Amino acid sequence: MLSLRSVSSSLSFPLRLLPRRSLSTPPITTLFSRMSYGPAPEDDTAARQWLQSHEGTFGAFIDGQWIKEGPTVPNTSPSTGETLSKTHQSPPSLLDLAISSSSLAFETWSTLSPHARSRHLYSIARNLQKHSRLLSVIESLDNGKPIREVRDSDVPLAVRHFYYHAGWAQILDQEMTDYKPLGVISQIIPWNFPLLMLAWKIAPALATGNCVILKPAPSTRLSAFLFADILKESGLPDGVVNIVSGDNDMAGKMVEDGRVDKVAFTGSTEVGKMLQRKVAGRNVKLSLELGGKSPVIVYDSADLDGAVEGLVNGIFYNQGQVCCAGSRLLVQENIYDKFIEKVKRRMATLRVGGSLEKNIDMAAVIDEAQRSRIEEFVEIGRGEGADVYQPTECPEEGCYYPPTLITNVHSTSRLVQEEIFGPVLVAQSFRTPNEAIKLANNSRYGLSAGVWTEQLGLALETALSVKAGVLWVNGHNNFDAAAGFGGYKESGFGREGGKEGLYEYMKLKWKPRGQKAVTDEIVARSDSWGKGSTAPLPSAPVGGGGESGDLLPAVDRTPKMYIGGAQKRPDGNYVLPVMSSDGKTLLGQVGAGNRKDVRDAVQAANKAAPGWGKRAAYNRSQILFYIAENLSVRRKEFAQRLDDMTGCGAEEASKEVEESISRLFTYASYADKYGGSVQETAFYGVTTSVNEPVGVIGMVCDSHDRPLLSFISMIAPAIVRGNAVVVAPSEKFPLAATDLYQVLDTSDLPGGVLNIVTGESSVIAKTLAEHQHVDGVWYFGDVEGCYNVQKRAANNMKRTFVCSEERDWMSKEEGEGEEFLREASEVKNIWMPMGESMSGAGAAY
């Protein structure tokens, strides 16, 4: 078999004498007046030689060897329809072999010195650079995208990721001393950026000591196979990276295997939801980078010509087959007509042609099914009365679709709300910045957005107000390994790139490795979980009579719900008893919360969240200090309550109260020290990483140990990071939380920031997980609860933070720290160019 070096070195371009100009050739003045482009094809000789070196047939790459088993399917070029090669579809037995190989390799790879892992990643980066031209041609042939984009963007950025993470591998032990690798990682990548997505996922996984099973998309596997050859040339140990060539059904099997510790997926939102349900409750880490419907906001203060260029790059790059494509154009009303006319003139100059032509702007879409989907959406627009502009002709052979602009659409149109994933731009107008932000946020997606204006204040206000993981100011499609990429809402969760991306492949050292068992019984009971038990019956009176031995009952003080800063009666008018530790004395009763109580609490939280999130961090810290101060005044009362409920003893109860006060101090101290950082990217400008609030977080703290401390440990980091919270305290020991009502009332906490709903944990957890206006759910309880919360949260892709093991809440290692702050934050990266006009080039890299 030919080596990569022999393929690359075989390239030669002998000098040839140019033919004498034909008499029919137009004079030079005519050529300059026309300024038309002639053909400039990329030579694919080396790519053909590499394909032939594998005899035009590929299979799985496992333990450093090629294994060709299973039926074959063709790899075709979208630009020409030509069959480039054939691939054996890996049977399940090869997936099993790949996971076994990675499991065995992990034992050695994870124990290598940081410098050794760094050297391996550095070697991969160097060899990717050496074969960059070959990679570019293979990717362009296989995917159909323009060679210019692959050559100038995809491949350099893939190389950059391996260099960047080689650096992290070197310093990991100093920078992340409390963390360890996860283990075996299943990675599933899409067809739109095969090589780049491979690099985004494999580089951080290897740098942090994990081993990988990669499944490329069935239609674009060739760059992954070439990467396998490069790994052999780079000297990477066998089994550290295995590549399987299965069909789409194999993705489910990769997730279900009990030896897998983490799943990383880039693709459609619907598949992402399926994967979240499959990992539910199993202690399998999950990161998802899903669909998008990204807005591009153009204010009347923008450099309009620069905005047009940025817009063209944002929507027509890679034929619009980009999850962060700027597919929703929002233009200020007073410049709308002028700007749309500029866009049309620019679109009329776009060139569509074969993927290996170096002078074209757009090439082929991935296949006929995708082309038909795009056409179907455009026809929906025509049927709704929208105006469709398509100025460019496409080649007759191959799978092409012209650049398209659709105007005169309404906000509820499917074209505005759904991801088309093609070169289709939908335009609307707005009057004020506030309206622009509302239109931008009127989407179930939140991956990225762009804003165009020469006014810095307006740009930053818009960037911070749009709910998206990446914001570009006066540019689009800027990426770098040092800046995280990922979305909000149904665009997924987790980040790729930057230090924030490393956490996706690591866990705290105290956490055990291994999956949790979600039994068949748990799955079978899922439909009935969270429906509640029968209403409680009357119980013995709360202990204690009147003075001087009178036989009078104690004055009842049944706590209500705490919603919107006030005590509210439970909707169902049912109560639950709270017994003493010996089960003989009724300490009190609390309301049995239902769906209506949770709904009211979520409504109050959503009302409070925007204002609370915009408060100065210093102000939030002062309120947390105030809560600690008021709790300290009543520490003896709280300690007595804890002893009565849990029977822990006076000394342990006092320790828990003191640690609760300390924990409030900890997070109050973090309030103005966890805002974000400046990312050192290759971009000429400033890239800032901002830790924003998640929004409304639903919490269930069903801990039977340290009920006050666990409650404080969950709510404090969420509140101090600007979130509004709806929380269910310990079902068995709820009085530790309800006694806080008066503390909260006297601590200046705005109404609705913290809402407390008592009752059965499963009832409240189910409602929070299913609620469409809850942005994240934390659940600390049993495996069955974790399973049902994560399964139901998948309906609208909520972030989840679940734990089925009892933590040592008194331990600072397990009970507090950055883990909680990260779960309470969304990382947004804002890219701002520098220069006199504040306009970026809008380049992809």
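Our subject is the structure that appears above.
Only a predicted model underlies this, so the values are computations on that prediction, with no experimental measurement involved.

J.: Looking at this structure, I do not really get the sheet that holds strand 14 (residues 387-389). What am I missing?
T.: Judged by pairing direction, the sheet is mixed, and its 10 strands sit side by side in the order 14-15-16-13-12-18-19-34-28-27 without closing on themselves. The open sheet is flanked by strand 14 and strand 27 (676-679), the only strands paired with a single partner. Neighbour-to-neighbour, the strand axes of the sheet open up by a mean angle of 20°, direction not taken into account. Where strand 14 lies against strand 15 (residues 404-407), three bridges are found, and the strand directions are antiparallel. Counterpart to Tyr389 in the pairing with strand 15 is Leu405. The strands touched by helix 13 (residues 336-347) within the sheet are strand 12 (295-298), strand 13 (328-332), strand 14, strand 15 and strand 16 (424-430), with strand 15 carrying the most contacts at an inclination of about 160°.

J.: Explanation requested: helix 6 (residues 132-143) in the structure shown.
T.: Residues spaced three or four apart along an α-helix point in a common direction, a consequence of the helix completing one turn every 3.6 residues. With 12 residues, helix 6 extends 16 Å between its outermost C-alpha atoms, agreeing within 8% with the 16 Å of an ideal straight helix rising 1.5 Å per residue. Of all 12 residues in helix 6, 10 are buried, a share of seventy percent or more. When helix 6 is considered as a whole, its buried residues turn out to be Leu134, Leu135, Ser136, Val137, Ile138, Glu139, Ser140, Leu141, Asp142 and Asn143. Looking one or two residues beyond helix 6, the residue adopting positive phi is Gly144, at roughly 90°.

J.: Help me understand the environment of Lys673 in this model?
T.: Mapped onto the elements, Lys673 comes out in the loop between helix 23 (650-670) and strand 27. Judged by relative accessible area, Lys673 falls into the exposed class, the value being 59%. Along the primary structure Lys673 and Thr80 are separated by 593 residues, whereas in three dimensions their C-alpha atoms are 55 Å apart. At 2.9 Å, the side chain of Lys673 and the side chain of Asp672 are in polar contact.

J.: I'm lost on the pattern of salt bridges in this one. Help?
T.: When the charged atoms of two side chains lie near each other, side chains of opposite charge can form a pair. Taken as a whole, this structure holds 50 salt bridges when the rule is applied. Between Arg133 and Glu42 there is a salt bridge, with its nearest N and O atoms 3.0 Å apart. In this pair, Arg133 sits in helix 6 while Glu42 sits in the loop between helix 2 (28-34) and helix 3 (45-53), placing the two residues 91 residues apart along the sequence. Looking at Glu42, the relative accessible area reads 10%, which means it is buried. Salt-bridge contacts for Lys511 lead to Glu819; the nearest nitrogen and oxygen are separated by 2.5 Å. Of the two residues, Lys511 sits in the loop between strand 22 (506-508) and helix 19 (520-524) while Glu819 sits in helix 30 (residues 818-823), which places them 308 residues apart along the sequence. Using a relative accessible area of 7% as the deciding quantity, one classes Glu819 as buried. The network of salt bridges with shared partners includes Glu651, Glu652, Lys655, Glu656 and Arg706.

J.: Please explain the nonpolar core as it appears in this structure.
T.: It is characteristic of soluble globular proteins that their nonpolar side chains tend to be buried jointly. Counting residues in hydrophobic clusters, the biggest one holds 101 residues, and the most contacted among them are Phe162, Ile202, Leu206, Val241, Val298, Leu329 and Phe339. Element by element, the count of residues in this core is highest for helix 8 (residues 194-207), at 11 residues. If we ignore the near neighbours within four places in the chain, the residues touching Phe339 are Val298, Leu304, Ala307, Val308, Leu311, Leu329 and Val331. Ala592, Leu624, Met645 and Phe820 belong to the second largest nonpolar core, which has 61 residues in total.

J.: Looking at this model, I keep getting lost on the sheet that holds strand 1 (residues 57-58). Mind explaining?
T.: Each strand in a sheet pairs with its neighbour through backbone hydrogen bonds, running either in the same direction (parallel) or in the opposite one (antiparallel). Spatially, three strands are ordered 1-5-4 in an open sheet, and the strand pairing comes out mixed. With partners counted over all chains shown, the strands left at the sheet margins are strand 1 and strand 4 (72-76), one partner each. Across two bridges, the pairing between strand 1 and strand 5 (residues 83-88) is parallel. What sits directly across from Thr57, in strand 5, is Lys86. Packed on one face of the sheet, helix 9 (residues 222-234) meets strand 1, strand 4 and strand 5 and runs near 70° to strand 5.

Parameters and conventions
Residues numbered from 1 in each chain as written. Predicted model: local features only at pLDDT ≥ 70, side-chain atom pairs only at ≥ 80, totals over all residues. Heavy atoms only, no water. Pairing = 2+ DSSP bridges. Helix = DSSP H or I, 4+ residues; strand = E, 2+ residues; numbered from the N terminus. Axes fitted to C-alpha atoms, helices over the stretch in contact; angles between N-to-C directions. Contact = heavy atoms within 4.5 Å. Expected span 1.5 Å × (residues − 1). Buried < 20%, exposed > 50% of the residue type's maximum accessible area, 1.4 Å probe, protein only. Polar contact = N/O pair within 3.5 Å; in protein donor to acceptor, adjacent residues only side chain to side chain. Salt bridge = Lys/Arg side-chain N within 4 Å of Asp/Glu carboxyl O. Core = buried A, V, L, I, M, F, W, Y, C linked by side-chain atoms within 4.5 Å.

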